[in-house]
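A look at the structure
Below are the chains, spelled out letter by letter.
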Amino acid sequence: MIRDQETLNILLDSIRRFVREQLVPHEQLVADTDEIPPTLVAQMRELGLFGLSIPEAYGGLGLTMEEEVLAAFEIARTSPAFRSLFGTNNGIGSQGILIDGTEEQKNAWLPRMASGEIVGAFALTEPGHGSDAGALETTAVRDGDHYIINGTKRYITNAPEAGVFTVMARTDSSRKGPSGVSAFIVERDTPGISLGKTDKKMGQRGAHTCDVIFENCRVPAASIIGGKEGQGFKTAMKVLDKGRLHISAICVGVAERMLDDALRYAMERQQFGQPIAEFQLIQAMLADSKAEIYAARSMVLDAARRRDNHEDISTEASCCKLFASEMCGRVADRSVQIHGGAGYMSDYAAERFYRDVRLFRIYEGTSQIQQLVIARNMIKAAEG
Ligand code: COS
């Protein structure tokens, strides 16, 4: 749903300009230093990028899902590491509180996330539990009006920057599956939290992940999201439904950028006395990429509109994540291929993007988990 086309156009124009004039010229610096310059972070805050999806009542821009994916298409036309910094505040770092939190929890945390004053992170994955998230082992044991959290969370995006975590922990040890899990809002400065070393990743330099370790970390009982035990896994799944749609939109934007670069290269690069873009085998790669991007873009927009319409989009979000992330991988591969030897060299963005986009097929649920969600939902619907 688009609330006001004119206001949205102004926002999309300013994002487009910011990406083109500020972010693209800094891509290589961020890749080399593994840091986003603070001046750029300040500009992201000014533009409202940390609060795109947080309602206006809590200081955000309150974009609808359709507006948010349109913004994500633009934001993603540069290194995905830039988006990652404010991505968790719009997605997995804030949405648990927004979807299932109490009014007090929303008022306490969302305005500071919307402004970018603090970064929110989502702590679900553990050393022994990635895809099988419902079997997580981190515990939260009730002690009077507190809970005591123990366990380790792994590969947590933005953990080194985070001021607050949404932590999924088992409050009922007699239940081994998803129903024994609760979600907590935990401040970074709470005693008993320590961070592991920042992980060395294949790509997306400038975006950071690390372990988050809880050792007898005491949190007030009031920090349980929604005030009720046993709801945490469902909260996490609802958060991921939206997150998967957002990541799908990012896949579309990055793929469009990679295809633009590949097209420009193909039109400039001369072989056998003509630009390689004149060769039909190169044209096939350009055309397949264009068609697949168009398909993914259309899917994402359709699913976003359905979510705005309050439909259950669990299946559609997984369809989008599966198709768009795999499509993005294929476009990255063709882009390297079109660039030939140059595509294998780090002087060209194609090589960097090839590594950066590999993550999209893994995080917020692997392609195989998306297949599983889609098929399970199909069977459930058919059973009636
Ligand atoms: N929205 C609301 N509720 C949901 C839901 C959704 N999208 N998906 C599942 N649930 C509910 C189910 O209805 C079920 O509720 P009941 O017990 O009341 O019936 C409960 O949650 C448990 O669901 P399910 O039985 O499907 O859980 P499983 O353990 O079988 O796991 C998968 C489901 C595998 C899909 C889940 O663990 C998953 O998505 N794993 C990947 C995790 C992931 O994406 N990690 C990435 C790291 S975070 S960046």
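What counts as what
- Residues numbered from 1 in each chain as written.
- Predicted model: local features only at pLDDT ≥ 70, side-chain atom pairs only at ≥ 80, totals over all residues.
- Heavy atoms only, no water.
- Near = heavy atom within 4 Å.
- Polar contact = N/O pair within 3.5 Å; in protein donor to acceptor, adjacent residues only side chain to side chain.
- Areas by Shrake-Rupley, 256 points an atom, 1.4 Å probe, with all protein chains shown as cover.
- Helix = DSSP H or I, 4+ residues; strand = E, 2+ residues; numbered from the N terminus.
- Core = buried A, V, L, I, M, F, W, Y, C linked by side-chain atoms within 4.5 Å.
- Buried < 20%, exposed > 50% of the residue type's maximum accessible area, 1.4 Å probe, protein only.
- Contact = heavy atoms within 4.5 Å.
- Phe/Tyr/Trp six-rings, centres within 6.5 Å; stacked < 30°, edge-to-face > 60°.
- Lys NZ or Arg CZ within 6 Å of the ring centre and 35° of its normal.

Focus on the site of the ligand
Within the structure, the ligand sits among 19 residues, and Ser131, Lys234, Asp241, Arg244 and Arg376 are positioned closest to it. With respect to the ligand, the backbone of serine 131 contributes an N or O atom lying 2.8 Å from a nitrogen atom. Within the side chain of arginine 244, a nitrogen or oxygen atom sits 2.9 Å from an oxygen atom of the ligand. Coverage of the ligand by the protein amounts to 68% of the 1,000 Å² it exposes when considered alone. If you list the elements that add at least two residues to the shell around the ligand, you get α8 (232-268) and α12 (367-383). Broken down by element, the residue count for the shell around the ligand peaks at seven residues, all from α8.

Here's the deal with the nonpolar core
Counting 67 residues, the largest nonpolar core has Met44, Val254, Met258 and Phe360 as its most contacted members. Those elements that place two or more of their residues in this core are α1 (5-23), α3 (38-47), α4 (65-75), α5 (80-90), α8, α9 (280-308), α10 (314-339) and α11 (349-356). The greatest single-element share of this core, amounting to 13 residues, is contributed by α8. Excluding its chain neighbours within four sequence positions, the residues that come into contact with methionine 44 are Phe18, Leu23, Ile36, Leu49, Phe50, Phe82, Leu85 and Phe86. Formed by 24 residues, the second largest nonpolar core is a distinct cluster that contains Tyr58, Ile92, Ala183 and Ala236.

Comments concerning unusual backbone geometry
Even without being glycine, asparagine 216 reaches a positive phi, approximately 45°. Note on asparagine 216: relative accessible area 56%, which makes it exposed. Notably, phenylalanine 272 is not glycine yet its phi reads approximately 50°, a positive angle. Position of phenylalanine 272 relative to the elements: it lies in the loop between β8 (270-271) and β9 (274-275). With relative accessibility at 77%, the residue phenylalanine 272 sits in the exposed group.

Remarks on the environment of glutamine 22
You can see glutamine 22 is positioned in helix α1. Take glutamine 22: its relative accessible area is 25%, and that puts it in the partly exposed class. Through-space distance from the C-alpha of glutamine 22 to that of leucine 40 is 7.5 Å; in sequence the pair is 18 residues apart. With near-sequence residues (within four places) excluded, glutamine 22 lies in contact with Arg17, Leu40 and Gln43.

A short note on the packing of aromatic side chains
Scanning the model with the defined rule gives five aromatic pairs in all. Taken together, a centroid distance of 5.0 Å and an interplanar angle of 70° make the contact between tyrosine 147 and phenylalanine 184 edge-to-face. Highlighted residues: tyrosine 147 in strand β3 (residues 146-157) and phenylalanine 184 in strand β5 (residues 181-187), separated in sequence by 37 residues. Judged by its relative accessible area of 2%, tyrosine 147 is buried. Between the NZ or CZ atom of arginine 330 and the centre of the ring of phenylalanine 323, over which it lies, the distance is 5.9 Å.

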